[in-house]
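The primary structure of each chain is shown beneath.
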Amino acid sequence: MSKKFMPKTPVDLAPPRDDPITMAELAKCDGEQTEKMYIAIKGTVFDVSHNHAAYGVGKGYHVFVGKDASRALGKSSLKPEDTSPDISWDYSTLTEKQLKVLDDWFTFFSNRYNIVGRVSDLPVKKEI
Ligand code: HEM
């Protein structure tokens, strides 16, 4: 596997869990309503609770917490139009290049954070 996205010091990861997690439950894992901080990428939920420096309340990347942040991560965006929970899960409009960026983030998170479940009710983008 490519070493490009490996952490400098190896991280001890638990076996990935496949528990269904609803959008509403995910929203509560925002470091405010509960102490847990979860971030989902393409429906896979990662537990980032221990990384307060990056994801804690008031920190730069807190905007990703408690939601599926696929759209924002793929677009390298911290803007509300990409991070607001009603749209942040929607990566259907991303370019090939942005989808590759998103997959690289998936690898980055997989190497650092435990997978605790899957979003069970991700909204499906309506076909026009
Ligand atoms: C001026 C622009 C930016 C600077 C200077 C910056 C800087 C950094 C630094 C220093 C790290 C830590 C790297 C490490 O732990 O080795 C980091 C991590 C990260 N950055 Fe940025 N960043 C910028 C913009 C962005 C944007 C626009 C996004 C939106 C996707 C983003 C998302 C992230 C994420 C998700 C992490 C990983 C945090 C973790 O889990 O450790 N960054 N950034």
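All values reported here derive from a predicted model rather than from experimental measurement.

> In this structure, what is going on with the overall build of the protein chain? I would like to understand it.
Secondary structure assignment for the protein chain yields five helices and five strands. Going from N to C terminus, the protein chain has its helices and strands arranged as β-α-β-β-α-β-α-α-α-β. At 14 Å, the protein chain has a C-alpha radius of gyration in line with the 14 Å of a compact globule built from 128 residues. Burial status across the protein chain gives 30% buried among its 128 residues. Sequence separation of at least 24 residues holds for 62% of the intrachain contacts in the protein chain that already meet a minimum separation of 6.

> Can you help me understand the site of the ligand in this one?
In the vicinity of the ligand, the contacting residues are Asn51, Ala54, Tyr61, Ala72, Leu73, Ser76, Ser77 and Leu78. Residue composition of the shell around the ligand, grouped by class: five nonpolar, three polar and no charged.

> Honestly, unusual backbone geometry in this entry has me stumped. Any pointers?
For residues that are not glycine, phi is negative in most cases, and the peptide bond is trans in most cases. Phi is positive for Lys42, which is not a glycine, with a value near 50 degrees. Secondary-structure assignment places Lys42 in the loop between strand S2 (38-41) and strand S3 (44-47). Phi angles above zero are rare outside glycine, and Ser76 is one such case at about 50 degrees. Along the chain, the position of Ser76 falls in the loop between helix H3 (70-74) and helix H4 (80-83).

> In this structure, what is going on with the sheet that holds S2? I would like to understand it.
Strands pair in a sheet through their backbones, by hydrogen bonds, and they do so in one of two ways: parallel or antiparallel. If you walk across this open sheet you meet the five strands as S1-S5-S3-S2-S4, and the pairing is mixed. Taken across any chain shown, the strands that pair with only one partner, and hence form the sheet edges, are strand S1 (20-21) and strand S4 (67-68). Across four bridges, S2 lies against S3 in antiparallel orientation. In the sheet register, Ala40 faces S3, and the bridge partner there is Val45.

> Is there a simple way to think about helix H5 (residues 96-110) in this case?
For an α-helix the count is 3.6 residues per turn, leaving residues at separations of three or four pointing the same way. Along its 15 residues, H5 runs 21 Å from first to last C-alpha, staying within 8% of the 21 Å computed at 1.5 Å per residue. Close packing links the buried residues of H5 with S2, S3 and H3.

> Can you walk me through the environment of Ala69 in this structure?
Within the secondary structure layout, Ala69 lies in the loop between S4 and H3. In contact with Ala69, not counting residues within four places along its chain, are Ile39, Ala40, Ile41, Phe64, Thr83 and Ser88.

> Before we go on, may I ask you to explain the UniProt feature "domain: Cytochrome b5 heme-binding" (unreviewed entry) in the protein chain in this structure?
Per the UniProt record, "domain: Cytochrome b5 heme-binding" (unreviewed entry) is found at residues 21-120. End C-alpha atoms of residues 21-120 are separated by 6 Å, and the span's content is 34% helix alongside 17% strand.

> Help me understand the pairing of strand S5 (residues 114-119) in this model?
The two faces of the sheet receive side chains in turn, since in a regular strand these alternate between them. For S1 and S5, the ladder comprises two bridges, and the chain directions are parallel. The partner of Pro20 across the bridge, within S5, is Arg118. As defined by bridge partners, S3 adjoins S5 across four bridges and the pair is classed as antiparallel. Note on S5: the bridge partner recorded for Asp47 is Asn114.

Cut-offs and rules
- Residues numbered from 1 in each chain as written.
- Predicted model: local features only at pLDDT ≥ 70, side-chain atom pairs only at ≥ 80, totals over all residues.
- Helix = DSSP H or I, 4+ residues; strand = E, 2+ residues; numbered from the N terminus.
- Rg over C-alpha atoms; globule rule 2.2 N^0.38 Å.
- Buried ≥ 20, exposed ≤ 12 C-beta atoms within 10 Å, placed from the backbone.
- Contact = placed C-beta atoms within 7 Å.
- Near = placed C-beta within 6 Å.
- Nonpolar A, V, L, I, M, F, W, Y, C, P; charged D, E, K, R; others polar.
- Pairing = 2+ DSSP bridges.
- Expected span 1.5 Å × (residues − 1).
- UniProt positions renumbered as here; feature names shortened; annotations may be inferred.

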